[in-house]
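# Summary of structural features
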Amino acid sequence: MQQSSQTEQETNSQSSPAEAPASPGLWKLFTVALRLGLTSFGGPAAHLGYFRQEYVVRRRWIDERTYADLVALCQFLPGPASSQVGMGIGLLRGGIAGALTAWLGFTLPSVLALTLFAFAVQGGAAASSPWLHGLKLVAVAVVAQAVIGMGAKLAGAGPLPAGLFGLWAFRSGGAQQEAPASLHIPVSRRAGAVSLGLFFVLLIGLPWLRTAVDNPSLALFDIMYRAGSLVFGGGHVVLPLLDRELVPGGWMNSETFLAGYGAAQAVPGPLFTFASYLGAAAMGWQGAVVATLAIFLPAFLLILGALPFWADLRTSPRAQGALAGINAAVVGILLAAWYQPIWMTAVLRPADFAAAALLYGMLEFWKLPPWVVVIAGALLGSGLGYLPGA
């Protein structure tokens with residue numbers, strides 16, 4: 001009876017976004033995002049699952065449709081998609097300050113961990129620890145829950161073909177979809193246009209300024225800003241670009257670079273915080289701050305610039321058609337990521353499958369908080385490490 005009541009409450013909350021609670025305040029935004037930053041293991045696909053569970057299902061700060069539309073928008077923007085989704089939710093709930101607060105809470109734990117690792121650790125042995133394998137199994141459960149939950153509410157092809165199909169379907173009258181609830185974006189179109197303009201000014205101007213001014217911090221800022229501006233597809237895609245910039249350029253040797261990559265797999269939060277490690281390895285604490293701000297700045301400028309226009313586009317019938325197709329593609333992207341690399345690198349034997357199924361049950365049926373499931377996953381992984389053939 002209790003579970004039925006919870007399910008009914010969740011369904012009603014998602015179908016009635018107008019009843020969502022008032023703005024939670026910056027401190028609440030920070031603490032919720034910080035908890036996600038401490039427990040969100042598994043990469044961007046898993047992060048989207050954690051975000052959906054926390055922001056849509058549990059707290060009802062946004063409805064399912066708005067969340068899916070926001071994820072679809074961020075798939076088209078360069079940079080870390082999951083971090084941009086977090087910034088977008090913070091922006092919707094608390095304006096520009098909310099976006100910065102949500103980003104800071106989600107990013108700070110991995111920034112500190114990787115910066116300290118740059119000073120204290122010389123190798124990446126932690127990346128092969130049994131407890132980390134348990135966290136990969138947590139990612140299997142989290143992404144599976146997200147795929148099932150979003151797939152049930154949204155309608156896989158890449159985002160562009162799916163969007164074009166949805167646009168055609170709406171033009172021909174072949175698709176019927178409920179109009180989305182009105183959405184208040186606490187940023188004007190003028191501010192959005194200024195943000196987009198600043199994004200391009202920095203992208204074009206920083207390389208020129210770097211050649212005119214001989215300053216290591218400016219050079220590092222330029223490298224990281226371009227990496228955050230030009231990379232699509234998530235954190236893993238940025239690694240070869242940074243390797244080409246930093247290792248041949250003499251910022252660090254290949255061994256130091258790869259050690260940080262191994263450590264980045266062992267911490268929660270966005271993989272883009274690998275830049276924090278690289279900055280610390282190259283220039284100490286100052287380098288960590290410069291690299292972190294520079295690699296995430298494009299994502300902030302783009303989400304701030306896109307959301308004021310997106311709020312109007314999502315109410316357009318043609319845009320609704322495109323977004324419907326894109327949302328279907330998002331589910332397909334999540335499903336693909338769930339299989340490769342998450343499932344393929346985590347579920348290696350029957351015991352792994354049983355552990356992943358147990359973790360999924362803890363999330364879906366027992367409704368345990370994600371941080372409890374993360375701890376359970378780490379303990380399960382440690383226990384599995386004692387099995388023969390581990």
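Residues numbered from 1 in each chain as written. Predicted model: local features only at pLDDT ≥ 70, side-chain atom pairs only at ≥ 80, totals over all residues. Heavy atoms only, no water.

### As for the overall build of the protein chain
The number of helices and strands found in the protein chain is 15 helices and zero strands. Buried positions account for 52% of the 390 residues belonging to the protein chain. Surface summary for the protein chain: the accessible area is close to 17,100 Å², and the carbon and sulfur share equals 66%. (Helix = DSSP H or I, 4+ residues; strand = E, 2+ residues; numbered from the N terminus. Buried < 20%, exposed > 50% of the residue type's maximum accessible area, 1.4 Å probe, protein only. Areas by Shrake-Rupley, 256 points an atom, 1.4 Å probe, with all protein chains shown as cover.)

### Comments concerning the nonpolar core
Membership of the largest hydrophobic core comes to 102 residues, with the highest contact counts inside it found for Tyr 67, Val 85, Met 224, Leu 242 and Leu 278. With 20 residues, the top contributor of residues to this core is helix α12 (residues 274–313). Residues contacting Val 85, with those up to four places away along its chain left out, are Leu 48, Phe 51, Tyr 67, Leu 70, Val 71 and Cys 74. (Core = buried A, V, L, I, M, F, W, Y, C linked by side-chain atoms within 4.5 Å. Contact = heavy atoms within 4.5 Å.)

### Comments concerning the environment of Trp 103
As for its placement among the helices and strands, Trp 103 is situated in helix α5 (residues 81–120). With 14 residues separating them along the chain, Trp 103 and Ile 89 place their C-alpha atoms 9.8 Å apart. Not counting residues up to four positions away in its chain, the partners in contact with Trp 103 are Met 87, Thr 292, Leu 293 and Phe 296.

### What about the side chain of Thr 101?
Relative to the assigned elements, Thr 101 resides in helix α5. A distance of 2.7 Å separates a polar atom in the side chain of Thr 101 from the backbone oxygen of Ala 97. Setting aside anything within four residues of it in sequence, one finds Thr 101 in contact with Leu 26, Leu 29 and Phe 30. (Polar contact = N/O pair within 3.5 Å; in protein donor to acceptor, adjacent residues only side chain to side chain.)

### Here's the deal with the confidence of the model for the protein chain
The predicted model of the protein chain has a mean per-residue pLDDT of 78, with 74% of residues at 70 or higher. Here residues 1–20 is a poorly scored stretch, pLDDT under 50, and it has 15 contacts once near neighbours within four places are set aside; other chains count. Contacts from residues 156–179, a stretch scored under 50 in pLDDT, to residues over four places away or in other chains number 39 contacts. (pLDDT = per-residue confidence, 0-100.)

### Some thoughts on the environment of Gln 286
Tracing the backbone through its elements, the reader meets Gln 286 in helix α12. In this structure the side chain of Gln 286 is engaged in a polar contact, spanning 2.7 Å, whose partner is the side chain of Ser 217.

### Notes on unusual backbone geometry
Its identity as a non-glycine residue notwithstanding, Arg 60 has a phi of 60 degrees, on the positive side. Along the chain, the position of Arg 60 falls in the loop between α3 (44–58) and α4 (64–75). By relative accessible area, Arg 60 is classed as partly exposed at 32%. Of note in the backbone geometry, Lys 367 takes a positive phi value of approximately 60 degrees without being a glycine. Within the secondary structure, Lys 367 sits in the loop between α14 (350–364) and α15 (370–384).

### Let's talk about the packing of α3 against α4
Interhelical geometry of α3 versus α4 gives an angle of 150 degrees and a closest axis separation of 11 Å. The angle between the axes of α3 and α4 places the two elements in the roughly antiparallel class. Regarding α3 and α4, the two cross each other, and that crossing is right-handed. Together, Leu 48, Phe 51, Arg 52 and Val 56 of α3 and Glu 64, Tyr 67, Val 71 and Gln 75 of α4 make up the contact between the two elements. The class makeup of the residues in the contact of α3 with α4 is five nonpolar, one polar and two charged. (Axes fitted to C-alpha atoms, helices over the stretch in contact; angles between N-to-C directions. Parallel < 35°, antiparallel > 145°, perpendicular 65-115°, else oblique. Left-handed = near helix turned anticlockwise from the far one by under 90°. Nonpolar A, V, L, I, M, F, W, Y, C, P; charged D, E, K, R; others polar.)

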